[in-house]
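# A closer look at the structure
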Amino acid sequence: MTATGTARVATMRHRRAFVLLGSVQATLIFTLAAIAVPLPRIGREFDLQRADLILLSAAYGLTFAGLLLFGGRLADRYGGRRALTAGLVLFAAASAAAPLAPGIGALLAARLAQGAGAALVAPAAMAVLRAVFPSPLAYGRAMATWGGLSVLGATAGNLLSGVISALLSWRWAFAVPLVVAVSALILTPRLLPETAPDRGRTPDLPGALLATVGITLASYGLVVTDARPWSSAGVLVPLLGGTALLAAFWYAERRARDPLLPPRFLLDRRRALALTAIALSACGTAMTFVVLSLHLQQARDWSELRTSAAFVPFAAALIASGRAAGPLIGRYGARAVTSAGLGTGAAGLVLLAFTGLDAHTWYAYGLLPGLVLLPAGTAASFAGAAVLATEGVPRQQTGLAGGVLNTAMEFGPTVLFAVLLTLGSDASSLAATGAALAVAALLNQRTK
């Protein structure tokens, strides 16, 4: 075979590997959003109170966010492909159990197990991606696309879950993660390269325990503020306990021989701002879906199918912006694209805050402009920030970088989302999130 033919075959193999890994990453976030639109229907079927619905909605994200750092370290320690396979097995098993749940307890357990599997899969997928694209230039281009996959998965989850629930049942929404996970397990040995484990590293079990329990408790305490007052024991005990454990985690990591999260990893200002951009963009997207889904179904009496259809322009703008982000990053740089994306997303959120929640305004005037600007901006900011967050990371810390990046993605829709929802009205929450994106855009642009 000629050199040109060999290069063509290698390029095709790399593309297939990226499609497989990208499909898995998008599906992890799809699963996060899979019950967002049909949540009222699930509540009626199981006779659930508002607090139960909030916990069910947050369950997947709690274990996903809580275990991500440990999942990243396991991927580095035992090899990305091995960790990916183990995570997919757990994720597939939980996805098979969820639609068979006879009640809230079984469904809640399945969602928690799905999140645990996802916490191992997400950083492992990034570790394998680094092996597929070993050169810094090729890896940077891959990350520019990778950054938009999460918001694409969230959009698909909200769109398809409403359609599936309306036409079949909310239980069928879990067929998507199950099929993707099983397919990935079959294709992984054929398409993905082996990744060398780092035997010199040892799992930081005390750090993992402190981080996992701390993140989970603090996140839970913030999530339940929507159903309980801040002064209640149900909020204060997990919130203060989680905060104390996270403080102990940071103290322990500074003295650990082989820390789960080296403190200096987050001290790079550009990386810290990039992770902030990811968290805020994820928060804005999640808040828009939840607030508008409830508004359209409750205030405007729209059906689940019509509600899902309202987000079709959102998906179209997201895809278009995601495709354009890579070339724009190559031309103007990741920092400029991130800042422009944050500013555009901020404008979309402010428009939705002032016009989208008025039940008497037309869709084309009140909702559509914001539903185009927001995804166009978040897709660009995700792409640029993903490049900035992983730039210059040593190969042996790729799993760690994946865990941190995905933790930022989960931090937004859980912690930031819960905090911003306490500001009073939904319009105030959307406007405040837009303002936070605008401030992040300015800070990111000024950072060299």
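One can find the structure itself at the top, above this paragraph.
Residue positions are given per chain, counted from 1 along the sequence in the order it is written. Where local features are concerned, this predicted model is filtered to residues with pLDDT of at least 70; where side-chain atom pairs are given and counted, the filter is 80 or more; whole-chain, interface and lining totals use all residues. Note: side-chain values were computed over all heavy atoms of the structure, leaving out hydrogens and water.

### A short note on the nonpolar core
Side chains of nonpolar character tend, in soluble globular proteins, to be buried together. Threshold: For our purposes a nonpolar core is just a set of buried Ala, Val, Leu, Ile, Met, Phe, Trp, Tyr and Cys residues, chained together by side-chain atoms within 4.5 Å. Burial here depends on accessible area, computed with a 1.4 Å probe over protein chains only, as a share of the maximum for the residue type. Under 20% is buried, over 50% is exposed, and the range in between is partly exposed. Any two residues whose heavy atoms approach within 4.5 Å at even a single point are treated as in contact.
In terms of nonpolar packing, the biggest core is built from 101 residues, with L21, L28, F64, L84, L129, M143 and W146 touching the most fellow members. For L84, the contacting residues outside a window of four places in its chain are L21, V121, A124, A125, T188 and L192. Counting residues in hydrophobic clusters, the runner-up holds 15 residues, among them L39, F46, L48 and L108.

### Remarks on the side chain of S165
Just so we agree on the cut-off: Each helix is a run of H or I in the DSSP string that is no shorter than four residues. Each strand is a run of E no shorter than two, and both are numbered from the N terminus. Within 3.5 Å is the distance limit for a polar contact, defined as a pair of N or O atoms, with the added protein rule that one can donate a hydrogen and the other accept it, and that residues adjacent in sequence qualify only through two side-chain atoms.
By secondary structure assignment, the location of S165 is in helix α7 (residues 149-167). Taking relative accessible area as the criterion, S165 reaches 1% and is therefore assigned buried. Here the side chain of S165 touches R41 through a polar contact of 3.1 Å, side chain to side chain. Ignoring any residue separated from it by four or fewer positions in sequence, one finds S165 in contact with P38, R41, W170 and E304.

### A closer look at the pattern of salt bridges
The following threshold applies: The rule for a salt bridge is simple: a side-chain nitrogen of Lys or Arg has to be within 4 Å of a carboxyl oxygen of Asp or Glu.
Under the definition given, this model contains 2 salt bridges. In this structure, R171 and E45 form a salt bridge, with 2.9 Å as the shortest nitrogen-oxygen distance. One end of the pair, R171, is in the loop between α7 and α8 (175-191); the other, E45, is in helix α2 (residues 39-46), with 126 residues separating them in the sequence. In this structure, E194 and R81 form a salt bridge, with 2.8 Å as the shortest nitrogen-oxygen distance.

### Digging into α8
Quick reminder of the rule: Working rule for helices: expected span equals 1.5 Å times residues minus one. Note on bend: at a given residue it equals the angle between the axes fitted to the 7 residues ending there and to the 7 starting there.
For α8, which comprises 17 residues, the first-to-last C-alpha distance of 23 Å matches the rise-based estimate of 24 Å (1.5 Å per residue) to within 8%. The sharpest bend along α8 measures roughly 30° and falls at L185, with the proline P189 sitting one to four residues further on. Every buried residue of α8 is listed here: P177, A181, A184 and T188.

### Some words on the environment of A277
Mapped onto the elements of the fold, A277 is located in helix α12 (residues 269-299). According to the relative accessible area criterion, A277 is buried, its value standing at 0%. Sequence separation of A277 and A441 is 164 residues, and the distance between their C-alpha atoms is 7.9 Å. With residues up to four places along the chain from it excluded, the contact list for A277 reads T338, L342 and A385.

Geometric values such as these leave the question of function open.
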